[in-house]
Amino acid sequence: MAGIVISDASPLIGLSIVDGLEWLPKLFTEVWIPEEVRKEVLLGKKSRGKANIQSAIDAGWLKIWNKPVTSLKGIDLDEGETACICLALDSLEPALLIIDERAGRTVAKENDIKIIGTAAVIGLAKQKGYILSARDAFEKLHQSDFRISADVIRTVLIRVGEMSPI
């Protein structure tokens, strides 16, 4: 297991849509976000789930990292993704980064950072018995403007026994 769990904005927003933020402290005890992600999810005009995300911060399990981190030069990611990757790289403990965007995931993998995404968190919630159906969570996401590839959803549904691998 990772020593520190860090989340980008997209997974927080996606999990908020499916009422899944409550799974994170059960799965990971605490989750860190850099200040850039806090601004994105709480001050962004289009961000959803602001009240739920603020409640998680108020509850103390979603923690804001305010200390400076080493910046990476030459990567073309948004500020939140970049800050998450830099925080993971600066951590003295092994890090797990919860991130969805393909470019951010690629940069994280290139830097040997362990990653998972919103879909994997939904799968873990199903495996741990926090939800009855991963398929229902994916359907709720699909009805919103939040997108996860059909291949990723299929992989998770097979893994949790909600779809045949045929």
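The present account deals with the structure reproduced in this document. Keep in mind that what you see is a predicted model, and the values were worked out from it rather than measured. (Residues numbered from 1 in each chain as written. Predicted model: local features only at pLDDT ≥ 70, side-chain atom pairs only at ≥ 80, totals over all residues. Heavy atoms only, no water.)

Observations regarding unusual backbone geometry
Step number 1: Although it is not a glycine, Thr-29 sits at a positive phi angle of roughly 70°.
Step number 2: Within the fold, Thr-29 resides in the loop between helix H2 (23-28) and strand S2 (31-34).
Step number 3: By relative accessible area, Thr-29 is classed as exposed at 61%.
Step number 4: Phi is positive for Asp-112, close to 60°, though the residue is something other than glycine.
Step number 5: By the element assignment, Asp-112 lies in the loop between helix H6 (102-110) and strand S5 (114-116). (Helix = DSSP H or I, 4+ residues; strand = E, 2+ residues; numbered from the N terminus. Buried < 20%, exposed > 50% of the residue type's maximum accessible area, 1.4 Å probe, protein only.)

Quick look at helix H7 (residues 118-127)
Helical geometry note: an α-helix holds 3.6 residues per turn, so side chains three or four residues apart project in the same direction.
Step number 1: Thr-118, Ala-119, Val-121, Ile-122, Gly-123 and Ala-125 are the residues of H7 that are buried.
Step number 2: On its buried face, H7 is in contact with helix H1 (9-17), H2, strand S4 (95-98), S5, helix H8 (134-143) and helix H9 (150-159).
Step number 3: Once H7 ends, the next one or two residues include Gly-129, with phi positive near 85°. (Contact = heavy atoms within 4.5 Å.)

Brief notes about the packing of helix H3 (residues 35-43) against helix H5 (residues 79-90)
Step number 1: Between H3 and H5, the shortest axis-to-axis distance is 8 Å and the interhelical angle comes to 150°. As H3 packs across H5, the resulting crossing turns out to be left-handed. Only Glu-79, Gly-80, Ala-83 and Cys-84 of H5 make contact with H3, whose side of the interface consists of Glu-36, Val-37 and Glu-40.
Step number 2: When the residues that make up the contact of H3 with H5 are grouped by side-chain class, the tally is three nonpolar, one polar and three charged. (Axes fitted to C-alpha atoms, helices over the stretch in contact; angles between N-to-C directions. Left-handed = near helix turned anticlockwise from the far one by under 90°. Nonpolar A, V, L, I, M, F, W, Y, C, P; charged D, E, K, R; others polar.)

None of the figures reported here should be taken as evidence of function without further support.
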